[in-house]
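Here's the letter readout for the chains.
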Amino acid sequence: SGSSVRVVGRAAHATVRGVLVRKTTHTMYLSAGHRLLAVHSSRALASASDNNPNPSTSSLPPGSTVQSTVSFSGSELEDDDTQVVGTANSTQITATITAVAAGSISVTVTGATTPLTIPLPAGLTLPASLVGQQITFTVTFAGGEAQASPDQQGSSGDQGSQNGQGGNGGGG
């Protein structure tokens, strides 16, 4: 009759395919499904003196298209295994602006406690009135760096140019 809902299980792992926007010691910031996700390296495997907890992702440049198997740890995604599957010249992201500064914007990231700051092209300044608004922007990858620019074409579809089997889709 369809009058009740019952939980029969919960996923312990998922597969995420996205474009690497930035990599820090313990976190990969991925563009997947037009959103930004924080994928944390497994801290349980890293020793106190280990500055490189996940050697397979430590040298990935921005623009690398990756497929990551992740597990859920509270509200965080933990990286279990990441493979490079291609490269991307750009990716499109929709995010909420948390700060605008000369030469950069800061945006919210799902699974991160702090915003991600992304440089803007030289000479581009965005108005402070964008803070708190959700915008769509394109991130391009040149010279090993990610750079954001406002989207001129709206938010219809992925305008990114990709090589290999890259993509912004999430899976699971």
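Note that the coordinates shown come from a computational prediction; the quantities given were computed from them, not determined experimentally.

Draft legend 1. Looking closely at the overall build of the protein chain. In terms of helices and strands, the protein chain carries zero helices and 11 strands. Element order for the protein chain, N to C, with α for helix and β for strand: β-β-β-β-β-β-β-β-β-β-β. Residues classed as buried in the protein chain amount to 37% of the 172 residues present. Long-range pairs, those at least 24 residues apart, make up 63% of the contacts in the protein chain between residues at least 6 apart in sequence. If you sum the accessible surface of the protein chain, you get close to 9,000 Å²; carbon and sulfur atoms cover 50% of it.

Draft legend 2. Quick peek at the sheet that holds strand β9 (residues 134–142). Spatially, five strands are ordered β8-β7-β6-β9-β10 in an open sheet, and the strand pairing comes out antiparallel. Two strands in the sheet have a free side with no partner beyond their single neighbour: β8 (116–119) and β10 (145–150). Averaged over all pairs of adjacent strands, the angle between strand axes in this sheet comes to 55°, irrespective of strand direction. One ladder, built from six bridges, connects β9 with β10; its direction is antiparallel. Considered in β10, the bridge of V139 is made with A148.

Draft legend 3. Layout of the nonpolar core. Counting residues in each nonpolar core, the largest one holds 23 residues, and the members touching the most others are V21, I105, V107, L116, I118, F137 and V139. For this core, the secondary-structure elements that each account for two or more residues are β1 (13–23), β3 (35–41), β6 (90–101), β7 (104–107), β8, β9 and β10. Setting aside chain neighbours within four positions, we find F137 in contact with T91, Q92, I93, A95, I105, V107, I118, A148, S149, P150 and D151. Counting residues in hydrophobic clusters, the runner-up holds 12 residues, among them L20, M28, A32 and V66.

Draft legend 4. Quick look at the pairing of β9. One ladder, built from seven bridges, connects β6 with β9; its direction is antiparallel. When the sheet's bridge partners are listed, T91 is paired in β9 with V139. Taken together, β9 and the strand that follows it, β10, pair antiparallel across an intervening segment of two residues, in which G143 is found at a positive phi of about 65°.

Reading the values: rules and limits
Residues numbered from 1 in each chain as written. Predicted model: local features only at pLDDT ≥ 70, side-chain atom pairs only at ≥ 80, totals over all residues. Heavy atoms only, no water. Helix = DSSP H or I, 4+ residues; strand = E, 2+ residues; numbered from the N terminus. Buried < 20%, exposed > 50% of the residue type's maximum accessible area, 1.4 Å probe, protein only. Contact = heavy atoms within 4.5 Å. Areas by Shrake-Rupley, 256 points an atom, 1.4 Å probe, with all protein chains shown as cover. Pairing = 2+ DSSP bridges. Axes fitted to C-alpha atoms, helices over the stretch in contact; angles between N-to-C directions. Core = buried A, V, L, I, M, F, W, Y, C linked by side-chain atoms within 4.5 Å.

Any functional reading would require information beyond the geometric quantities listed.
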